[in-house]
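# Breakdown of the fold
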Amino acid sequence: MCGIVGYKGKRQASSVIIDSLKTLEYRGYDSWGVAVVGNPSISVVKEVGMICDADTINNLGSGTVGIGHTRWATHGKVTEENSHPHMSSDGCISVVHNGIIDNYQALKEQLKKKGYVFRSETDTEVIPLLIEDFIKNGCSFEDAFRKTLSFLEGTYAIVSIHKDSETMICARKDSPIVVGVGDGEHFVASDSPAFINHTNKVIYLENYEMAVFNGSFEVRCSITGDIIDKKVQVLDWDVEQAKKGDFKHYMLKEISEQKETITKAIHQDDKVLQGIADAINESYGTFFIASGSSYNAALSASYTFSKIARKHINIVDSSEFPNYEHFLTPQTLMITVSQSGETADVLDAVKVAKKKGVKILSIVNVMGSSLMRNSDHTLLMNAGPEICVLSTKSYTSQLAILTLLAYACVGKLSEGKDLLKSVADHVGDLTDPKTLLGTVELASCLKDKEHLYVIGRGQSYSTALEAALKIKEVSYIHAEGFAGGTLKHGPIALIEEGTPCIVFVPNDETRKEILSNAMEVKSRGGYIIGVSDEENDIFDFFVKVPDVGHASPITDIIPIQVLSYYLAILRGCNPDRPRNLAKSVTVK
Ligand code: G6P
C-alpha cells in the first residue's frame with residue numbers, strides 16, 4: 001500500500017508530483033507529503049487528509065527534483081509526523097518508502113545509541129538516518145544509499161533525494177517501482193498511471209535494482225553496484241483512460257465501461273488461451289489463487305469449470321495458500337488472478353509454489369506488474385487502469401477470461417466467445433445511464449439500513465459474496481453473503497421485520513431451492529430483493545437481469561455494483577476512496 005513518486009527534470013517538480021500523487025491515492029489516502037530540492041534546503045509539506053494544490057505548490061518553490069508519498073498507515077498513527085517524506089536529522093536527505101522494514105526496531109536502537117533522535121513512529125525513518133550516518137562516515141550519497149539497503153530486512157520501494165546533489169535515487173525489493181522515461185526528464189512511481197500523461201515509455205525495476213538519476217540515468221544492481229542494461233517498454237494505456245471524463249467518480253466510470261472491457265478481455269490470442277486450457281487439462285491439481293474481489297471471481301470460475309469443463313479446481317485465498325504447500329508437485333498448476341499483480345499475499349503464494357516446481361499462470365490487468373514478471377504465462381485483462389479502490393470492471397473481465405478458459409478446456413472456445421460477446425451487449429444495456437438511474441430508487445429504500453444479507457446458490461453463491469463485499473466496502477452498511485443452504489445453520493437468526501435480503505435467482509438448477517430460501521427469509525419479515533431474469537411473487541423489489549446461462553455471474557453483479565455506488569452517494573461516502581482501504585494491498 002502507499003504510493004510513492006519521484007521526479008527529476010526541467011519542470012516545477014511540486015506540480016508534477018502533486019498531480020501524480022492524486023492518481024496514486026487509490027494506494028492509500030490517509031496522509032501525504034512532498035519534498036523538493038531547493039536552495040538552500042529541501043522544502044517539505046506534509047498533511048493529513050486530502051491532497052491540496054495551489055498553495056502547496058507555491059510553498060514548495062520552483063525546484064525541479066522532488067519526491068512525494070500518499071500513505072496507508074502501517075506503522076504509526078495517521079499524523080503529520082508519521083506521514084512521508086521522512087528527513088535525516090541534518091535535513092539534507094529526504095525519503096519516501098512503500099513497504100515494511102521488518103528489522104526497524106533493531107536499527108532504531110543502534111541509531112539511537114549513536115545519538116540520532118526519531119521524530120516519528122514509523123519504520124521508514126531509519127532509512128534517511130542510516131543514509132546520513134554513512135555520509136558522515138565519508139560515503140557519497142549513492143554509496144550511502146546502497147549501503148543502507150544492505151541493512152534493511154523486509155520490503156521496500158524507496159525514492160530519496162539529497163539537498164546538495166541534484167541526484168535522485170530509487171530502489172526496490174518486493175514493492176513495485178516503475179520508471180517513466182520522458183524527454184530530458186524522469187519519473188518514478190509505484191504504478192504507471194502516475195505519469196502516463198507525461199510518457200508511456202517505462203522501465204520496470206526488479207528486486208535489488210537501484211536507479212540513479214543524476215545528469216544521466218543508470219540502473220545498477222543494489223548489491224554489487226554493477227550497471228544493468230534495462231529495456232524500455234511502451235505502454236498501450238492512454239491518458240484518457242486514467243481520467244474521470246464526464247463522470248463524477250471513477251467507480252461509476254469504470255462500471256459504465258464494462259461492455260467495452262469485457263469485449264477487450266475476450267480478445268485474447270486463441271493459441272495462447274488454448275495452450276493454457278491444455279495445461280489445465282494436463283495438470284495434476286490446479287489451484288486458483290487470489291484475494292478480495294479477484295478471489296470471488298476465481299471462486300465463481302471454479303463452479304464454471306465444474307459445470308462446463310467437468311474439472312475440479314482448488315480455490316484458495318492467497319493469504320492461506322502457504323498452508324497448502326504440502327500438496328504441491330511439479331505437476332501442479334497455479335493460476336493466480338489479480339488486477340494489480342502486486343498483492344503481497346499472491347506474490348508470496350507464487351514464491352511458495354515456485355519452490356515446489358509449480359508452473360505459474362496469471363490473469364493480470366497491470367502490464368509489467370510483479371506477478372506478470374514472476375509468471376510462466378500471463379493473460380492480460382486489457383481493462384485499462386482501474387482507479388477506484390473497488391474492483392468492478394476488473395472483476396467482470398476476470399470472470400469473462402476464466403469462463404473462456406473453461407470453454408477452451410473442452411474444445412469449445414468459439415462457443416464461449418459467442419456467449420461472452422452477447423453478454424457484453426447485455427452489460428451495455430445494464431450500464432445504460434437510464435438503467436443506472438432506476439437503481440437510485442432501490443438505494444433510497446436501503447440507505448438507512450444497518451444490516452443487509454445476500455444469498456445465492458452454486459455460481460450465485462460467489463456472486464452473493466461479491467455483492468456483499470461491494471456494498472459493505474463502499475457504503476459501510478454491514479452486508480454479508482451466504483450460500484442459500486447455510487441460511488438455516490445460523491444466519492436466519494439475524495432476519496427481523498424489514499431486514500433486506502438480496503437473492504440471486506438465475507435460470508439454472510438452483511432456482512427452485514433459492515426461491516424457497518427466499519421464502520424462508522420473507523416468512524420471518526425479510527424484505528426480498530430478487531435479482532433474476534423472471535419476476536416472482538416472493539420479491540418485494542425486482543431487479544431484472546438477462547438470462548445468459550453459464551455467464552450469469554457477469555451480468556448479475558452489475559446492478560449490485562450500481563446499487564453500491566448509489567448507496568455510497570446517498571450516505572455521503574466517497575465511492576472512489578472508502579475508508580481504511582487501499583487498492584493494492586502490498587503488505588501482508
Ligand atoms: C484490495 C482491493 C480489492 C481487490 C483486492 C485484490 O482489497 O481493494 O478491490 O479485489 O485488493 O487485489 P488484486 O489487485 O490482487 O486483484
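Residues numbered from 1 in each chain as written. Predicted model: local features only at pLDDT ≥ 70, side-chain atom pairs only at ≥ 80, totals over all residues. Heavy atoms only, no water.

## Structural notes on the overall build of the protein
Rules: The secondary structure listing takes helices from DSSP runs of H or I that are at least 4 residues long and strands from runs of E that are at least 2 residues long, numbered from the N terminus. The globule rule used for comparison is 2.2 Å times the number of residues to the exponent 0.38, while the radius of gyration itself is calculated over C-alpha atoms. Each residue is placed in one exposure class: buried if its accessible area under a 1.4 Å probe, protein chains only, is under 20% of its type's maximum, exposed if it is over 50%, and partly exposed if it falls in between. Under the convention used here, Asp and Glu are negative, Lys and Arg are positive, and both His and the chain ends fall outside the count. Taken as the charge location is NZ of Lys, CZ of Arg, CG of Asp or CD of Glu.
Counting its secondary structure elements, the protein contains 17 helices and 24 strands. Over its C-alpha atoms the protein spans a radius of gyration of 25 Å, differing by no more than 12% from the 25 Å that the globule rule assigns to 588 residues. With the C-alpha coordinates of the protein rotated into their principal frame, the extents come out at 80 × 50 × 45 Å. Buried positions account for 61% of the 588 residues belonging to the protein. If you average the places of the 60 positive and of the 74 negative side-chain charges in the protein, the two averages end up 2 Å apart.

## Quick notes on the sheet that holds strand β20 (residues 451-456)
Put simply, the test is: Whether two strands pair depends on DSSP finding at least two bridges between them. A fitted line through C-alpha atoms represents every axis, and for helices the fit uses only the stretch in contact; the resulting angles, taken between N-to-C directions, go from 0 to 180 degrees. Every residue pair with non-hydrogen atoms within 4.5 Å of one another is taken to be in contact.
In spatial order, the strands read β21-β20-β22-β23-β24; together these five strands make up an open sheet with parallel pairing. Each end of this open sheet is capped by a strand with a single partner; those strands are β21 (478-483) and β24 (541-544). Each adjacent strand pair in this sheet contributes to an overall mean axis angle of 20 degrees, direction not counted. Looking at chain direction, β20 and strand β22 (residues 500-505) are connected through three bridges and run parallel. Bridge assignment links tyrosine 453 to a residue of β22, and that residue is cysteine 501. Here helix α16 (residues 511-523) sits on the sheet in contact with β20, β22 and β23 (527-532), set at roughly 170 degrees to β22.

## Examining the site of the ligand
Formally: Whether a residue is near a molecule or strand depends on its heavy atoms: it is near if one of them lies within 4 Å of it. The definition of a polar contact used here is a pair of N or O atoms within 3.5 Å, where within protein one atom must be able to donate a hydrogen and the other to accept one, and adjacent residues in sequence count solely through side-chain atom pairs. Any residue that is not Ala, Val, Leu, Ile, Met, Phe, Trp, Tyr, Cys, Pro, Asp, Glu, Lys or Arg is counted as polar, Gly included; the first ten are nonpolar and the last four charged.
The ligand sits among 13 residues. The nearest are Ser294, Ser338, Gln339, Ser340 and Thr343. In this structure, an oxygen atom belonging to the ligand sits 2.6 Å away from a side-chain N or O atom of serine 338. Within the backbone of valine 389, a nitrogen or oxygen atom sits 3.2 Å from an oxygen atom of the ligand. Among the elements that line the shell around the ligand, the one with the most residues is helix α9 (residues 292-309), at three residues. Tallied by class, residues from the shell around the ligand come to three nonpolar, nine polar and one charged.

## A short note on the sheet that holds strand β8 (residues 168-173)
Spatially, six strands are ordered β5-β6-β7-β8-β12-β13 in an open sheet, and the strand pairing comes out antiparallel. The strands lining the two open edges of the sheet, one partner per strand, are β5 (86-87) and β13 (217-221). As judged from the five bridges shared by strand β12 (residues 209-213) and β13, these two strands associate in the antiparallel manner. From the neighbouring strand, methionine 210 faces β13, where its bridge partner is arginine 220. Where helix α4 (residues 126-136) meets the sheet, it contacts β5, β6 (93-98) and β7 (156-162), and its direction lies at approximately 140 degrees from that of β6. Relative to β7, helix α5 (residues 141-151) is tilted by about 155 degrees, and along the sheet it contacts β6, β7, β8, β12 and β13.

## So, the domain arrangement of the protein
Often the size quoted for an interface is simply the accessible area lost on bringing the parts together. What counts is decided by this rule: The domain limits used here are those given by an automatic or database domain assignment.
In terms of domains, the protein is made up of domain 1 (3-241), domain 2 (249-430) and domain 3 (433-575). Placing a centre on the C-alpha atoms of domain 1 and another on those of domain 3 gives a separation of 44 Å.

## Comments concerning the side chain of threonine 286
Tracing the backbone through its elements, the reader meets threonine 286 in strand β15 (residues 286-290). Reaching out from threonine 286, the side chain makes a polar contact with the side chain of serine 283 at a distance of 2.6 Å. If sequence neighbours within four positions are ignored, threonine 286 has contacts with Ile280, Lys311, Ile313, Asn314, Leu333 and Ile335.

## Side note on the pattern of salt bridges
Convention followed: The term salt bridge refers to a pairing of a side-chain nitrogen on Lys or Arg with a carboxyl oxygen on Asp or Glu at a separation within 4 Å.
Scanning the model with the defined rule gives 31 salt bridges in all. Across the pair glutamate 473 and lysine 470 runs a salt bridge whose closest N-O atoms are separated by 3.3 Å. In this pair, glutamate 473 and lysine 470 both sit in helix α15 (residues 459-475), three residues apart, roughly one turn of the helix. In this structure, lysine 522 and aspartate 540 form a salt bridge, with 2.8 Å as the shortest nitrogen-oxygen distance. Of this pair, lysine 522 sits in helix α16 while aspartate 540 is found in the loop between β23 and β24, placing the two residues 18 residues apart along the sequence. Using a relative accessible area of 25% as the deciding quantity, one classes lysine 522 as partly exposed. Look at aspartate 540 and you get partly exposed, because its relative accessible area is 34%. Sharing partners across several salt bridges, the network here consists of Glu142, Asp143, Arg146, Glu218 and Arg220.

## Looking at the pairing of strand β18 (residues 359-364)
Test applied: Orienting the strands away from the viewer, one traces the path from the first strand over the helix to the second; a clockwise path indicates a right-handed crossover.
Across the six residues of β18, five count as buried, placing the element largely inside the fold. Taken together, strand β17 (residues 333-338), helix α10 (residues 344-355) and β18 constitute a β-α-β crossover, and its handedness is right-handed. Across four bridges, β18 lies against strand β19 (residues 377-380) in parallel orientation. The residue of β19 that forms the bridge with isoleucine 363 is leucine 379.

## A few points about unusual backbone geometry
For the bond running from asparagine 39 to proline 40, omega is 15 degrees, close enough to zero to count as cis. Tracing the backbone through its elements, the reader meets proline 40 in the loop between β2 (31-37) and β3 (42-48). Geometrically, the link from histidine 84 to proline 85 is a cis peptide bond, its omega value of 0 degrees lying close to zero. Structurally, proline 85 can be placed in the loop between β4 (65-71) and β5. Positive phi is not limited to glycine here, since asparagine 382 has a value of about 60 degrees. Among the structural elements, asparagine 382 can be located in the loop between β19 and α12 (393-409). The exposure class of asparagine 382 is partly exposed, given its relative accessible area of 29%.

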